[in-house]
2 protein chains.
Amino acid sequence: MDERSIDLDSLISGLSDGAVVIDPDLLAGYRQDWARDPDAGTPLAVVRARGTADVAATLRWAHAHKVPVVPRGAGTGLSGGATAVDGGIVLSTELMREINVDAVTRIAVVQPGLLNAEVKRAVAAEGLWYPPDPSSFEICSIGGNAATNAGGLCCVKYGVTTDYVLGMEVVLADGTVVRLGGPRLKDSAGLSLTKLFVGSEGTLGVITELTLRLLPAQPPQSTVVASFGSLTAATDAILAITSTLRPAMLEFMDTVAINAVEDEMRMGLDRTAAALLVARSDAPGEFAGHEAQVMVQLCEKAGATEVFHTADATEGEAFTAARRFAIPAVEKIGPLLLEDVGVPLPRLGDLIAGVTAIGERNDVLVSLIAHAGDGNTHPLIVHDPTDPDNTARAHRAFGEIMDLAIALGGTITGEHGVGRLKKAWLPDQVGPDVMALTRRIKDALDPEGILNPGAVL
Amino acid sequence: MDERSIDLDSLISGLSDGAVVIDPDLLAGYRQDWARDPDAGTPLAVVRARGTADVAATLRWAHAHKVPVVPRGAGTGLSGGATAVDGGIVLSTELMREINVDAVTRIAVVQPGLLNAEVKRAVAAEGLWYPPDPSSFEICSIGGNAATNAGGLCCVKYGVTTDYVLGMEVVLADGTVVRLGGPRLKDSAGLSLTKLFVGSEGTLGVITELTLRLLPAQPPQSTVVASFGSLTAATDAILAITSTLRPAMLEFMDTVAINAVEDEMRMGLDRTAAALLVARSDAPGEFAGHEAQVMVQLCEKAGATEVFHTADATEGEAFTAARRFAIPAVEKIGPLLLEDVGVPLPRLGDLIAGVTAIGERNDVLVSLIAHAGDGNTHPLIVHDPTDPDNTARAHRAFGEIMDLAIALGGTITGEHGVGRLKKAWLPDQVGPDVMALTRRIKDALDPEGILNPGAVL
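Residues numbered from 1 in each chain as written. Chains lettered and ligands numbered in written order. Predicted model: local features only at pLDDT ≥ 70, side-chain atom pairs only at ≥ 80, totals over all residues. Heavy atoms only, no water.

Within an unreviewed UniProt entry, the label attached to chain A reads Glycolate oxidase, and the organism entered is Nocardia fluminea. Its UniProt record gives chain A a comment under Cofactor (unreviewed entry), which states: "FAD". Among the UniProt annotations of chain A, the heading Sequence similarities (unreviewed entry) holds the following wording: "Belongs to the FAD-binding oxidoreductase/transferase type 4 family." (UniProt positions renumbered as here; feature names shortened; annotations may be inferred.)

Rendered as structure tokens:
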């Protein structure tokens, strides 16, 4: 028995029965998240924590033995934030799935392994609503949402994950369990540590419980669908809408995405359109219809070729589902490099035009979909991994798109996180002084550097 | 010339002409904020920065000479966050007053010295709205609002300062100027450093510019005013309202505050009532009236003795102004020790009853007003500083109220910050591990400990 296996025995004995997985076949499934990082390592073991005690014991052990720990939620991350490292532990929270809804305080206390959709369903049963809605909401975990400060379609009106996290239990690098914030709508006591851990991508600690703020059930919505003959007309409509009212959703698909979705769903989308917008109002009562009417007029004024609106929930949801399905639909064309760049709203047109030019220049197909109302876009670079030249051009385009976003005063990631795939561009966005500041905080909280090494920093 | 004055010369020569104030009469006005901390020191000098360069030069100098720096906005803080320390520098941002509103991006880029009301007015001129509204909004600075994560009356629906800060320029302890975040509605690139500096009370850096998210102008509001014969009836009504809809405001005044306000304003408030609620809806169009009707019914059902609602803006604003005037009105009875405790909403009744009992037990007059909809209360302890026994009882009550809030799962400060007055209670609220975590971040960012020493930690 070598030293390594002795070490692992001491880990196994400190955890719940069966929490430690070392079967190579099972380990293989924990090497990558949806970023499919080709440089993923092979972990020593996976810990499927049954509770906070398992997480704390794992980190105490890892800290003592200086073993890297990669925290993992549902593994649906798109930036390689949960890529395993050789000889490390993958610490999965997938089995921590309790939820407690308090309808009077309007909060839910949830463990990280619950899926976003499960949180939504549990609180809906109490007449309440947890707004953040990544397109992957049916398969992504609430812990991963907090780790990446995930967004979604409703953010344009309702904000992102951090806006709903009132408190958390988090295990620090050395295994110390701390509780931050709590079920209080206002709290200025001490540093905003809760907010620091949201979006920290497992580099500062492992979140083991979240206290989430809830809203009353969302009112019935009216949905607007508009087709445009040019990208400029579509972005004009976007700016006209956001300058006039607060849509509950404002989504964009380009012609590649429209056609890919239509290939799969056959719902009668205009295949000749350059762009499609799907917008929503959830203003109370007939005001949803009024706002929808205003959005229809603004789209027409911007030059939409076809516009309609509906108050029918099923019909409206079909178009939202079409937009959510755009990524898997485009993926049918070929494997994707998935971007998440965002810009200040007035630069959205420049970003879309620039992405098109980058695709053409590098001779790769790039489709662009967007949470247009908050300037957050997902250029999807189709590539052929079996063709080295095509792959090289796709990766060049991937970098050039982030360079473009930065040049336009934007961000390399609006909602997916930096992970490992985008970290080479982070210094270009934030500059050396912010990187140094980030490093100081990282070193203060994880002096041994065991937490998700290689991610973000 | 002693060593100290030589040092000061090097500070003066590095800053804008006239930025350094050493006149003892002028210095006296910068020793305290509104907390009137009796232990305030006498600063070596006040720097009235003309811009970021002055702030950076001051911190470089202070860092090199290990001189404490107390950042100061408008000096309206209520927790002693801007109490001067002997031999230190008070670094005032009051003269940094530029603002730039970008209506298309829906942001304002503001310097910290602008008053909250001035920000509101500047953005209103563009048809936009900056929601956070501390009662002191006409005299408090936007920089101080960010430093304390200030709240106000609209927070129950619209959130607090941190929800509106998209980015900032901040000067670190050693004088390094960094830019965090920016005019992007979604940004997951790197740690949430912007959010860490909001609410850090000048202990981690000095904010020199803020990028604020704006909303479209608030729709016309309907206001509900309800009197109650008992505190229980009032808190029942509060919970009934927050369980049913999202009021744009839900404020509470007890009988002491009602009578103090009525003494000053003569607006016909029911002097015999145990409590008064002032609530608002800003739902679009006639829905504001509908929501107001629902709130009226819920108040009646909870046992209100008198309820009315109005869609008249002037009349509605008069009642809101009455609530805002409660603190100065009660202060006419005598000097106040001002609390800012908050609890999870279902514990609001327990908190109010407990505060009453603490006042009686210590034989001091305590009035209680509250941003009731988010469980944030301001018990006002009237005391007589010339009477040592009364003062001792008032201070005992001050501590007991924070102990009570902590025991109820609450916070010692919902929106004012910890400053110096409440720091003895912070460890009781957050525990030793969170204090140690806070200390690690403080030491990483301000290793010499020059930034606002004695505040928070």
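The structure having been displayed, the exposition proceeds.
**Focus: the sheet that holds strand β18 (residues 376-382) of chain A**
All names here are of chain A. The sheet built from 7 strands is open, its strands ordered β15-β12-β14-β13-β17-β18-β16 with antiparallel pairing. Strands at the two margins of the open sheet, each flanked by one partner only, are β15 (304-310) and β16 (336-338). The sheet shows a mean angle of 15° between the axes of neighbouring strands, taken without regard to direction. The pairing of strand β17 (residues 366-371) with β18 spans 6 bridges and is classified as antiparallel. Bridge pairing in β18 places Ile369 opposite His378. (Pairing = 2+ DSSP bridges. Helix = DSSP H or I, 4+ residues; strand = E, 2+ residues; numbered from the N terminus. Axes fitted to C-alpha atoms, helices over the stretch in contact; angles between N-to-C directions.)

**Looking at the pairing of strand β12 (residues 222-228) of chain A**
All names here are of chain A. Among the 7 residues in β12, 7 count as buried, and that is most of the element. Going residue by residue along β12, you find Ser222, Val224, Ala226 and Phe228 tucked away on one face and Thr223, Val225 and Ser227 tucked away on the opposite face as well. Sheet analysis places β12 next to strand β14 (residues 275-281), joined by 7 bridges and oriented antiparallel. The residue bridging Val225 from the neighbouring strand is Val278, located in β14. In the sheet, β12 pairs with β15 via 6 bridges, with the strands oriented antiparallel. What sits directly across from Thr223, in β15, is Thr310. (Buried < 20%, exposed > 50% of the residue type's maximum accessible area, 1.4 Å probe, protein only.)

**Quick look at the domain arrangement of chain A**
Residues and elements named next belong to chain A. Per the domain assignment, the segments making up chain A are domain 1 (99-216), domain 2 (219-331) and domain 3 (334-416). Looking at the side of domain 1 facing domain 2, the largest losses of area belong to Leu153, Val156 and Lys157, adding up to 65% of the total buried there. Along the contact surface separating domain 1 from domain 2 lie 1 salt bridge. Between Lys157 and Asp282 there is a salt bridge, with the nearest N and O atoms lying 2.8 Å from each other. At the boundary of domain 1 and domain 2, one finds 3 residue pairs in polar contact (both at pLDDT 80 or more). Ranked by the residues each element gives to the side of domain 1 that touches domain 2, the list is headed by helix α6 (residues 155-158), at 3 residues. (Domains from an automatic or database assignment. Buried area = accessible area lost by both parts, 1.4 Å probe. Salt bridge = Lys/Arg side-chain N within 4 Å of Asp/Glu carboxyl O. Polar contact = N/O pair within 3.5 Å; in protein donor to acceptor, adjacent residues only side chain to side chain.)

**Considering the interface of chain A and chain B**
With 84 residues of chain A in contact, the opposing surface of chain B contributes 84 residues. Contact between chain A and chain B buries roughly 6000 Å² in total, counting both sides, with carbon and sulfur atoms accounting for 62%. Considering only the side of chain A, the residues that lose the most area to chain B are A:Lys186, A:Ser188 and A:Leu191, jointly responsible for 14% of the buried surface there. Where chain A packs against chain B, one counts 4 salt bridges. Between B:Glu415 and A:Lys186 there is a salt bridge, with its nearest N and O atoms 2.8 Å apart. Here chain A and chain B share 28 residue pairs in polar contact (both at pLDDT 80 or more) between them. Of all the secondary-structure elements, those providing two or more residues to the side of chain A that touches chain B are α6, β9 (177-181), α7 (193-197), β11 (215-216), α8 (231-242), α15 (426-430) and α16 (432-445) of chain A. Along the lines of polarity and charge, the residues of the side of chain A that touches chain B split into 38 nonpolar, 30 polar and 16 charged. (Contact = heavy atoms within 4.5 Å. Nonpolar A, V, L, I, M, F, W, Y, C, P; charged D, E, K, R; others polar.)

**Some words on the side chain of B:Ser192**
With respect to the element layout, B:Ser192 can be found in the loop between β9 (177-181) and α7 (193-197). Excluding residues within four positions of it along the chain, B:Ser192 makes contact with A:Lys195 and A:Val198.

**Remarks on the sheet that holds strand β3 (residues 69-72) of chain B**
Residues and elements named next belong to chain B. Ordered by their spatial adjacency, 4 strands build an open sheet running β1-β2-β4-β3, and the pairing between neighbours is mixed. Bordering the open sheet on either side are β1 (20-21) and β3, each of which pairs with just one other strand. Bridging between strand β2 (residues 45-48) and strand β4 (residues 89-92) involves 4 bridges; their strand directions are parallel. Of the residues in β4, the one forming a bridge with Arg48 is Ser92. Where helix α3 (residues 52-65) meets the sheet, its contacts fall on β2, β3 and β4, and the angle it forms with β4 comes to roughly 165°.

**Here we look at the UniProt feature "domain: FAD-binding PCMH-type" (unreviewed entry) in chain A**
When the UniProt feature table is mapped onto this chain numbering, "domain: FAD-binding PCMH-type" (unreviewed entry) sits at residues 39-217 of chain A. Helix makes up 22% of residues 39-217 of chain A and strand 26%, whereas the separation of the span's terminal C-alpha atoms amounts to 43 Å.

**Quick word on the relation of the copies chain A and chain B**
For these two chains of identical sequence, chain A goes onto chain B by a turn of 180° and a shift of 0.0 Å along the axis, with RMSD 0.0 Å. Viewed as a symmetry operation, the transformation between the two copies matches a two-fold axis. Counting the interface residues of chain A, we find that 100% of their copies in chain B are interface residues as well, pointing to one common contact surface. (Least-squares fit on C-alpha atoms with pLDDT ≥ 70 in both.)

**Points about the packing of aromatic side chains**
Residues and elements named next belong to chain B. For the structure shown, the criterion picks out 9 aromatic pairs over all chains. Taken together, a centroid distance of 4.7 Å and an interplanar angle of 75° make the contact between Trp129 and Tyr158 edge-to-face. Here Trp129 is found in strand β7 (residues 128-129), whereas its partner Tyr158 is found in helix α6 (residues 155-158), with 29 residues between them in sequence. In terms of burial, Trp129 and Tyr158 fall into one category: buried. (Phe/Tyr/Trp six-rings, centres within 6.5 Å; stacked < 30°, edge-to-face > 60°.)

**Remarks on helix α9 (residues 255-265) of chain B**
Residue and element names in this part refer to chain B. Where α9 is concerned, the buried positions are Val256, Ala257, Ile258, Asn259, Ala260, Val261 and Glu262. Buried positions along α9 lie against β13 (249-254), β14 (275-281), α11 (313-324), α12 (326-331) and β17 (366-371). Once α9 finishes, Arg266 follows within two positions and takes phi at roughly 45°, a positive value.

**Section: the packing of helix α8 (residues 231-242) of chain B against helix α10 (residues 287-301) of chain B**
All names here are of chain B. Close contact between α8 and α10 brings their axes to 8 Å; oriented N to C, the two are set at 145°. Crossing hand, α8 versus α10: right-handed. Here Ala237, Ala240 and Ile241 of α8 come into contact with α10, specifically with Met295, Leu298 and Cys299. Taken together, the residues that form the contact of α8 with α10 break down as 6 nonpolar, no polar and no charged. (Left-handed = near helix turned anticlockwise from the far one by under 90°.)

**Let's talk about unusual backbone geometry**
Most peptide bonds take the trans form, and the phi angle of most residues other than glycine is negative. The residue A:Arg36 is not glycine, and still its phi comes out positive at about 50°. The phi dihedral of B:Glu201 is positive, around 55°, even though this residue is not glycine. Along the chain, B:Glu201 turns up in the loop between α7 and β10 (205-213).

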